[in-house]
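# Summary of the model geometry
Chain by chain, the residues:
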Amino acid sequence: MAKVSPTALKSYGPRSSADMAGILNALPEPVFVIDDQNLISYVNLASEQFFASSSATLIGRSLDKILPPDSTIFTLIAQARAAQSSVSEYGVTIETPRIGTHFVSIDVSYIPEAEGEVVISIQERSIARKIDHQLSHRNAARSVTAMGAMLAHEIKNPLSGIRGAAQLLESGLERESERELTHLICEEADRIVSLVDRMESFADDRPIERGAVNIHEVLEHTRRLAQSGFARNLKFTESYDPSLPPVLGNRDLLIQVLLNLIKNAAEAAPSNGGEVVLTTRFLQGIRLAVRGGGARVDLPLMVSVEDNGPGIPQDLQAHLFDPFVTTKASGKGLGLALVAKIVDAHGGVIEFDSEPGRTVFRVMLPVARLRKIEP
């Protein structure tokens, strides 16, 4: 059993080192401590598994002997020490011949009671994995762009002719049963046109106009729309951070995103005791390479929509943002694909957690940088 550095445990109150070691060893994520010389002073069991080495081998070794010296983790360590705070980064690749390739998020926290020491945690199967998968949904949404334009041209025109012919036939029919068939042709033609109209929303891939948007004003507007219609019988709970700066976004498109997410939450929530929770938060240190792997962008502003419904079936979760994937019997499966496309156009990301009794969608967006007014 690895010994816990006393300096790393000073702030944890009356618990013994053995108690703390047991708690940290119970965590599924790797957690380890390095001193001011970047020597490893503590590892939990998950760290041993991640690095494929025992605690006896790891403790006392320099971290740059285990991970490549140019790894992003060393930049984060330097930032945490310089700011004497916590920093995080998603979408980091850790790769060595011994442990293979891992796509992870990394959190580095400065330990005030131990000068120079930091505690590092690695989440391999949490938000980083979800965001990585969500980035692949962008390609799915973009692949529908060309399809939508093609369908609009190749299908809507013939459908207009079919519908017109059915109406002409109907005028010459006397039997009600025959008229029912022409009604059916018109209804099905209208249904397909409606589907193609929704597909056309993917065809517009021009850059969107963005400016400073008050996300709370957007949330309040969307909530009022929901409560005046489809969500009138639901309880809404709001947990907002009033100090949030403006979002760099498009107000109308953000309303479309949130209205879609709230509608899904309202439909998932139970008829009795249904609740939708709207939350905003500032998440310091979140950065992600977006739009073709360019420079990393800060995405500190988080908006979440949570419901207390039955949860999303496990077999659909990996494909939830793909077009035509839906949990609803009458759903078209384009709502969340369109949401992913709009969030992508904002340079943001969307991810979710779901389990029975709780599903939460989180949208992370960039902050608008307001120009200073010169005196």
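Residues numbered from 1 in each chain as written. Predicted model: local features only at pLDDT ≥ 70, side-chain atom pairs only at ≥ 80, totals over all residues. Heavy atoms only, no water.

### Looking at the overall build of the chain
A count of helices and strands for the chain gives 10 helices and 14 strands. Taken across its 375 residues, the chain has 45% of its residues classed as buried. Accessible area of the chain: about 19500 Å², with a carbon and sulfur share of 52%. (Helix = DSSP H or I, 4+ residues; strand = E, 2+ residues; numbered from the N terminus. Buried < 20%, exposed > 50% of the residue type's maximum accessible area, 1.4 Å probe, protein only. Areas by Shrake-Rupley, 256 points an atom, 1.4 Å probe, with all protein chains shown as cover.)

### Points about the sheet that holds strand E7 (residues 235–239)
The pairing of strands in a sheet happens through backbone hydrogen bonds and is either parallel or antiparallel. Read from one edge of the open sheet, 5 strands run E7-E9-E12-E14-E13, paired in mixed fashion. The open sheet is flanked by E7 and strand E13 (349–355), the only strands paired with a single partner. Along the sheet, successive strands turn relative to each other by an average axial angle of 15 degrees, direction set aside. Relative to strand E14 (residues 358–365), E13 runs antiparallel, the two being bridged by 7 bridges. From the neighbouring strand, Glu-355 faces E14, where its bridge partner is Arg-358. Seen against the sheet, helix H10 (residues 335–345) touches E13 and E14 and runs at an angle of roughly 140 degrees to E13. (Pairing = 2+ DSSP bridges. Axes fitted to C-alpha atoms, helices over the stretch in contact; angles between N-to-C directions. Contact = heavy atoms within 4.5 Å.)

### So, the pairing of E13
Taking burial as the measure, the 7 residues of E13 include 5 buried ones, the bulk of the element. The loop that links E13 with its antiparallel partner E14 comprises 2 residues; one of these, Gly-357, has a positive phi angle of about 90 degrees.

### A short note on helix H7 (residues 215–227)
Here H7 contains 13 residues, and its C-alpha end-to-end distance of 18 Å stays within 8% of the 18 Å for a straight helix at 1.5 Å per residue. Along H7, the residues that are buried comprise Ile-215, His-216, Val-218, Leu-219, Thr-222, Arg-223 and Ala-226. In an axial view of H7, the angular spread of the buried residues amounts to 155 degrees, which keeps them on one side of the axis. Packing partners of the buried residues in H7 comprise strand E6 (211–213), E7, strand E8 (247–249), helix H8 (251–268), strand E9 (275–282) and strand E12 (301–307). At the N-terminal end of H7, a side-chain oxygen is found 2.9 Å from the backbone nitrogen of His-216, two or three residues along, and the residue is Asn-214. (Expected span 1.5 Å × (residues − 1). Arc of directions from axis to C-beta. Polar contact = N/O pair within 3.5 Å; in protein donor to acceptor, adjacent residues only side chain to side chain.)

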